[in-house]
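# An overview of the molecular structure
Now for the letters of each chain:
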Amino acid sequence: MKRNILLYIGAIVVGIYFLFPLYVLVLLAFNSPKYTILKLYPSLLLQAPTLNNLIVALQGTAFIDPFIKSLETATLVGLITIALAVPAGYGLSRIPGRIAYPILVLLLVTNMMPGIVIGIPIAVDFIKLGLYETVIGLALAQTLITLPLATFIMQGTFSAIPSDLEYQARIDGADLFHRLFSVLIPLAAPGIVASFLISWMFSWDEFTYAILLMPYHSTLPVTIYIDVTRGNLLAGIAFSLVFTIPVIVLSYALQKYLKGEYLAGGLKG
Amino acid sequence: MKLNTSFFLILPAVIYVLAFAFYPTAEAIYLSFKDPHGGFTLFYYKELFSTFDATGAIINTVIVTIGALALQFIIGLIVALILTREFFGRRTLLTIVLIPMGIATVVAAVTFKFIFETSGGYANSILHSLFGISVNWYQNSLMSLLTVIISDSWKNTPIITLILLSGMMSIPEELYHAAAIDGAGPVRRFFYITLPNLRKFIGISLILRGVQEFNIFALPLILIGYHPPLLTTLIYNLYQTTFPEVGLALAGATVLIAFILVFVGIILILSGR
């Protein structure tokens, strides 16, 4: 009995620890500023709930411009990732493991390289190529973060599709193009959707490449950073809150697709 | 023929990675040794260590890496131990524990900036109402680094918890039963069964988080700016102030790569693989 009480105390402390910063964000966003940033010891309770902070911050172009930039970049990252990861995942699932795994490891190793190291030479090259400060350039760089995981998921997805299905289509006279689009891709749809959504979320949250390659009219994370460091605090808080909502919605949607088999499929063969 | 088609399909992804990850890395290292006239030089490194106190930045980076890893590890282990028990509300707690994974680093950093603010900060608000004291969280370098360590641990404990939890789930129940019959208490069971069997999982999470810890950038930039500098914020500061002359920043970048390689090597040796 005594140990159970200890367990619950532990669980409650852990719960508070992980929830507290979110609670602070909500207080900052919905409490009147005179109880939050203007006070020496801000109130720990929601004293004067108001939507005014959000309304003021979200008006005009200060929010909508970076929001659209983020939206464009994230969608483009999703598309580029799919365009590269779907064929690569299919190819990797159809060659012997001893050749496929070194290639997968090569892809995963790129995730260990610091964005700040890779981003600086890329910035220099992008200026020469005219890709600096463009959505396409930023999306091309951010795909580095998303491609390894997406390829891994797609390889698992295609490995889980029985090759008998593909042979039958082949016997029926379907060439690679038809096999891909009428047999394989419909069956792999959940994996493709999951890869797209994960890529979209990674790009949405990404900061390092964004600030290196698009420092002036940037995406939301960079805008939040600039607002907060220049003292435009309420805008930074409001943007942070609105910025988080799509991630929560998508995470919820993703749970449907990420049941584990797409990630594990490739390891079983 | 079939094998050829497969390679043809993999090729775009491989070319992309070579062009956007390996080529820039090689370029960064090469350019850091190249003077404007094309010859070999160590000028950027001398400048980096004499004028810009790269040594200090390296020490700060190591402090943050070790501090954050230790804190994440201790909290992650405790949380995983709680979550291996069956109790009412376990699923709710698991959901709460995973929340930080869904919060962008920038948002976490902004929130912690308001928590550790000296005037108008929530940490001080709690300390003041409980003990009547307030702390200047940025009074010296070490305290500033501590705020980075705490914030980073909040954001990244969930992934460690998940890895350790899956490791604990894989330990056979019989081991614990046998140890209990032999008279081992919970503490000894933890040190003689749980920890040794977790070795591999601890190695994985240390590599995964350790490398990211060296690369930690958005969080310190937002929380403490350039003072005290970490390797990444120093590199960014140099990049910003000297752009498009990037030699100095790239010398810093090369130092960072070297540190990551050494770190991965040490962990690989320690975890015995």
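## Remarks on the overall build of chain B
If you tally the helices and strands in chain B, you get 12 helices and 0 strands. The linear arrangement of helices and strands in chain B, starting from the amino end, is α-α-α-α-α-α-α-α-α-α-α-α. Overall size of chain B, expressed as C-alpha extent along the three principal axes, is 75 × 70 × 30 Å. With 273 residues in all, chain B has 40% of them scored as buried. Sequence-distant contacts, at least 24 apart, represent 70% of the contacts inside chain B between residues at least 6 apart.

## A few points about the nonpolar core
The tendency in soluble globular proteins is for nonpolar side chains to be buried as a group. Ranked by internal contacts, the top residues of the largest apolar core, which has 130 residues, are A:Ile120, A:Leu213, B:Val106, B:Ile222 and B:Ile235. At 13 residues, the largest contribution of residues to this core is made by helix H6 (residues 135-160) of chain A. Looking at which domains feed residues into this core, each of domain 1 (1-50) and domain 2 (57-268) of chain A gives three or more. Beyond its immediate chain neighbours, meaning those up to four positions away, A:Leu213 contacts A:Gly119, A:Ile122, A:Ala123, A:Phe126, A:Tyr132, A:Gly137, A:Leu138 and A:Ala141. Listed in part, the 14 residues of the second largest apolar core include A:Ala11, B:Leu83, B:Val97 and B:Ile163.

## Here's the deal with the interface of chain B and chain A
Facing the 66 residues of chain B at the interface are 64 residues of chain A. Within the residue set of the side of chain B that touches chain A, elements represented by two or more residues are helix H1 (2-32), helix H3 (54-83), helix H4 (90-102), helix H5 (105-115), helix H6 (122-131), helix H10 (218-224), helix H11 (231-242) and helix H12 (247-270) of chain B.

## Considering the domain arrangement of chain A
Residue and element names in this part refer to chain A. Here the domain parsing of chain A yields domain 1 (1-50) and domain 2 (57-268). The distance between the C-alpha centroids of domain 1 and domain 2 comes to 34 Å. Across the contact, 5 residues belong to domain 1 and 6 residues belong to domain 2. Here the side of domain 1 that touches domain 2 is built from residues that sort into 5 nonpolar, no polar and no charged.

## Describing unusual backbone geometry
Residues B:His227 and B:Pro228 are joined by a peptide bond in cis, for which omega reads -5°. Note that B:Pro228 resides in the loop between H10 and H11. A positive phi angle, near 65°, is found at A:Glu133, a position not held by glycine. Inspection of the secondary structure assignment puts A:Glu133 in the loop between helix H5 (115-129) and H6. Residue A:Glu133 is classed as partly exposed on the basis of its 16 C-beta neighbours within 10 Å. Positive phi, close to 50°, is recorded for B:Asp53, a residue that is not glycine. With respect to the element layout, B:Asp53 can be found in the loop between helix H2 (43-50) and H3. Of the residues examined, B:Asp53 has 15 C-beta atoms within 10 Å and is grouped as partly exposed.

About the cut-offs
Residues numbered from 1 in each chain as written. Chains lettered and ligands numbered in written order. Predicted model: local features only at pLDDT ≥ 70, side-chain atom pairs only at ≥ 80, totals over all residues. Helix = DSSP H or I, 4+ residues; strand = E, 2+ residues; numbered from the N terminus. Buried ≥ 20, exposed ≤ 12 C-beta atoms within 10 Å, placed from the backbone. Contact = placed C-beta atoms within 7 Å. Core = buried A, V, L, I, M, F, W, Y, C linked by C-beta atoms within 7 Å. Domains from an automatic or database assignment. Nonpolar A, V, L, I, M, F, W, Y, C, P; charged D, E, K, R; others polar.

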